[in-house]
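A look at the structure
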Amino acid sequence: MRMRRWASLKNLLVYGLSAPIIALNVGLLSLLFHYFRHPLTILSIAAILAFLLNYPVQFLERARISRQWAVTIVLLLTLTLLILIGITLVPLVINQTIQLSDKIPDWLNSFQDQLEQLEAVATKRRFPLINLKILANQTNASIENLLKELPFGAVGFAGTLVSTLVNTVLIVVLAFYMLLYGDRVWYGLLNLLPEKIRVPLDKSLQLNFHYFFLSQLLLALFMVASLTPIFLVIGIPFAFLFAMVIGISQLIPFIGATLGIGLVTILLLLQNWWLATQLAFFSFLMQQVKDNLLAPKLLGNFTGLNPIWIFVAILVGFEIAGLLGTLVAIPIAGTIKGTFDALQKG
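Residues numbered from 1 in each chain as written. Predicted model: local features only at pLDDT ≥ 70, side-chain atom pairs only at ≥ 80, totals over all residues. Heavy atoms only, no water.

1. Quick notes on the overall build of the chain
Heads up, the condition is: Elements are defined by DSSP. Helices are runs of H or I of four residues or more, strands are runs of E of two residues or more, and each kind is numbered from the N terminus. We call two residues contacting when some pair of their heavy atoms lies within 4.5 Å. Computed by Shrake-Rupley with a 1.4 Å probe, the accessible areas treat only the displayed protein chains as cover when residues are assessed.
Regarding its fold elements, the chain presents 9 helices and 0 strands. Start at the N end of the chain and walk to the C end: the helices and strands fall as α-α-α-α-α-α-α-α-α. Contacts in the chain between residues far apart in sequence, at least 24 positions, make up 71% of those at least 6 positions apart. As displayed, the chain offers around 22,200 Å² of accessible surface, 71% of which is attributable to carbon and sulfur atoms.

Here's what the structure looks like:
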């Protein structure tokens, strides 16, 4: 009886002390990441890019092409693709973004007029507790602030564009060296761990990151490719820009697509409620196709994580590293779980 009580007390102490230790480590990791945000972000994106490009490199290696030439060929093809995207799609997105920023004040004015009409109808019919003056005043303030910030936003956008180009070059160059010498660094770090942990960690990491990032990229491309023609047919303004927002938000796991659809629906609601309704309907329809038909085939149940733990991982990842943390939270959590499962079985 005493042994059982002692065991229960011991477990209680272990779990009770582990919570503040975990919270402290999360806080320290968050401070560390914020201090080294820029280099860590570039390193992380370059590592993800190198991880994805390693598959075509391995394909060329199986065709008896040396790794150095295979890496060079794949990176040249990748750079060519990026240049084509930069020449064709990026100017289109920038142009539609500028046009949208010019249209938003008019949309807000139109939305304000609709609110005033709705308030007049409500007053005429004596509906209780309906007063939209506060919302109308907030809309006016939003219009004024937006118009004041547009010139500064243009300057900031130009600076961001230059910074993005520089970072892209750094990422591509770093990915090139990671493809050539990354294995040596990675296996050198793994050799510091006991073999019992080293083998399952390596397998679990490759499995989780491969399935997650490759599948998320394919699903994002599916959303953009399927929604763009639909938006064009039904007459959605800025069709490609809105489809891109929804597709890119798909990269944020679990909740990203819903957030992206909600954002563009709210924006379009300012201009035309019927078009906004159609946009939301077709977007959620394609999201259901993606989630129920494509995602199970691409992802399966590779992480084995409970949805609650997925949300926890996303929140912790965002707290530590912001957007980048949300992107890598699920594969990292899946890697940890897969490693522990393999250790328990072993």
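Let us keep going from here.
2. Here we look at the packing of helix H2 (residues 37-62) against helix H5 (residues 195-234)
Our working rule: Fitted lines through C-alpha atoms give the axes, limited to the stretch in contact for helices. The angle between two N-to-C directions lies from 0 to 180 degrees. Roughly parallel refers to an angle under 35 degrees, roughly antiparallel to one over 145, roughly perpendicular to one between 65 and 115, and oblique to any angle outside these ranges. Only Asp, Glu, Lys and Arg are considered charged, only Ala, Val, Leu, Ile, Met, Phe, Trp, Tyr, Cys and Pro nonpolar, and every remaining residue, Gly among them, polar.
Where H2 meets H5, the axes come as close as 10 Å, and the angle between the chain directions of the two elements is 90 degrees. Comparing their axes, H5 and H2 come out roughly perpendicular. Side by side, H2 and H5 meet where Ile48, Phe51, Leu52 and Tyr55 of the first sit next to Gln206, Phe209, His210, Phe213 and Leu214 of the second. A per-class count over the contact of H2 with H5 returns 7 nonpolar, 2 polar and no charged.

3. Re a nonpolar patch on the surface
Applied cut-off: Patch membership requires over 30% relative accessible area and the absence of a salt bridge. Like charges are linked within 9 Å, and nonpolar side chains (Val, Leu, Ile, Met, Phe, Trp, Tyr) within 5 Å. Whenever a carboxyl oxygen of Asp or Glu lies within 4 Å of a side-chain nitrogen of Lys or Arg, that contact is scored as a salt bridge.
A surface patch of nonpolar side chains, about 820 Å² in accessible area, is lined by Leu76, Leu79, Leu81, Leu82, Ile83, Ile85, Ile87, Leu89, Val90 and Leu92. For Ile87, the position within the fold is in helix H3 (residues 67-124).

4. Describing the side chain of Gln96
Counted only if it meets this: Pairing of N or O atoms within 3.5 Å defines a polar contact, subject to two protein rules: one partner must be a possible hydrogen donor and the other a possible acceptor, and residues neighboring in sequence count only if both atoms are side-chain atoms.
Along the chain, the position of Gln96 falls in helix H3. Within polar-contact distance, the side chain of Gln96 engages the backbone nitrogen of Leu241 at 3.0 Å. Dropping the residues within four chain positions of it, Gln96 is found in contact with Phe238, Ala239, Phe240 and Leu241.

5. Thoughts on H2
How we decide: Any helix carries an expected span of 1.5 Å times its number of residues minus one. The term bend refers to the angle at a residue between two fitted axes, each drawn through seven residues, those ending there and those starting there. Burial status follows relative accessibility: with a 1.4 Å probe on protein chains alone, a residue under 20% of its type maximum counts as buried, one over 50% as exposed, and anything between as partly exposed.
If you check H2, its first and last C-alpha atoms are 38 Å apart, about what 26 residues at 1.5 Å a residue would give, namely 38 Å. Of all the bends found along H2, the most pronounced is centred on Asn54 and spans about 30 degrees, while Pro56, a proline, follows it within four residues. Ile42, Ala46, Ile48, Ala50, Leu53, Asn54, Val57 and Leu60 are the residues of H2 that are buried.

6. Points about the environment of Thr97
Within the secondary structure layout, Thr97 lies in helix H3. Along the sequence, Thr97 and Phe238 sit 141 residues apart, while their C-alpha atoms lie 8.2 Å from each other.

7. A short note on the side chain of Gln216
Here Gln216 shows up in helix H5. Among the polar contacts listed, one links the side chain of Gln216 to the backbone oxygen of Gln250, at a separation of 2.9 Å.

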